[in-house]
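# Residue-level structure breakdown
One-letter residues, chain by chain:
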Amino acid sequence: MAERDFVPVRIAVLTVSDTRTPADDRSGDTLVARIAAAGHTLAARDIVQDDRDAIVARLREWIAEDGIDVIISTGGTGLTGRDVTVEAHREVYEKQIDAFATLFTMISVRKIGTSAVQSRACGGVAQGTYLFALPGSPGACKDGWDEILFHQLDYRHMPCNFVEIMPRLQEHLRRK
């Protein structure tokens, strides 16, 4: 089988936090560095408060942009009252990628043992855009990127990957 060429994707990074600023957003910085090292394009970056409406608004804004293929958020996936990122993501998903959460949990168990039950990482698709919510620690961002997203966002990854099906994510809109 012939080697495939790399296909860069345009990725937006959203940090969800009541306390982080651009100066101390270590989790966002972790994702941005990995996105660049992998050869992808940082399409946008922002920080929003732990507020469901604010998160939904930013996700919908970025989903509507032609220049964004993937949105990765970090933070707000825990169990406390302010952790509403998962609910915001699910509000905009057309399809949920259930195995993303399962695989993230499996990876987390190897790293942090039973504490992995406190993470609610999730993934989905909306209007042809992939969305992934990772916990707010740099370690969790490294795990989510290095162990899952690095591979699935690489067109060369076999036997299959997210990039190769991107053109088909909205094929239902072309049917008559």
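Going by the structure above, here's the rest.
Reference entry: report on the structure contained in this document.

By the criterion of burial, strand 3 (residues 70-74) is predominantly enclosed, with five of the five residues buried. Taken together, the five bridges between strand 1 (residues 10-16) and strand 3 define a ladder with parallel strand orientation. Residue pairing in the sheet places Thr 15 in a bridge with Thr 74 of strand 3. Note: strand 3 against strand 6 (residues 129-134), five bridges, orientation parallel. Among the inter-strand pairings, Thr 74 is bridged to a residue of strand 6, identified as Leu 134.

Okay, the pattern of salt bridges next. On inspection of all chains with the given rule, the structure shows 15 salt bridges. Ionic pairing is found between Glu 164 and Arg 4, a salt bridge with its closest N-O pair at 2.9 Å. Taken together, the residues Glu 164 in helix 6 (residues 162-165) and Arg 4 in the segment before strand 1 connect sequence positions 160 residues apart. Overall, the relative accessible area of 24% leaves Glu 164 in the partly exposed class. Among the salt bridges present, the one from Arg 120 reaches Glu 87, with a minimum N-O distance of 2.7 Å. Note that Arg 120 is positioned in the loop between helix 4 (98-112) and strand 5 (122-126) and Glu 87 in helix 3 (residues 85-92), a separation of 33 residues in sequence. One network of salt bridges, in which partners are shared, links Arg 110, Lys 111, Asp 143 and Glu 147.

This paragraph deals with the environment of Ser 108. Examined against the element boundaries, Ser 108 turns out to sit in helix 4. For Ser 108, a relative accessible area of 5% translates into the label buried. Spatially, the C-alpha atoms of Ser 108 and Ile 55 are 25 Å apart, while their sequence positions differ by 53 residues. Not counting residues within four places of it along the chain, the set of residues in contact with Ser 108 comprises Gly 113 and Ala 116.

By size, the foremost hydrophobic cluster in this structure holds 28 residues, and its most contacted members are Tyr 130 and Trp 145. The set of elements that each furnish at least two residues to this core consists of strand 1, helix 1 (26-37), strand 3, helix 4, strand 6, helix 5 (138-152) and helix 6. It is helix 5 that provides the largest number of residues to this core, a total of five residues. Not counting residues within four places of it along the chain, the set of residues in contact with Trp 145 comprises Ile 11, Leu 31, Arg 34, Ile 35, Ala 38, His 40, Ile 72, Phe 150 and Leu 153.

Here is what the cut-offs are and how they apply
- Residues numbered from 1 in each chain as written.
- Predicted model: local features only at pLDDT ≥ 70, side-chain atom pairs only at ≥ 80, totals over all residues.
- Heavy atoms only, no water.
- Buried < 20%, exposed > 50% of the residue type's maximum accessible area, 1.4 Å probe, protein only.
- Helix = DSSP H or I, 4+ residues; strand = E, 2+ residues; numbered from the N terminus.
- Pairing = 2+ DSSP bridges.
- Salt bridge = Lys/Arg side-chain N within 4 Å of Asp/Glu carboxyl O.
- Contact = heavy atoms within 4.5 Å.
- Core = buried A, V, L, I, M, F, W, Y, C linked by side-chain atoms within 4.5 Å.

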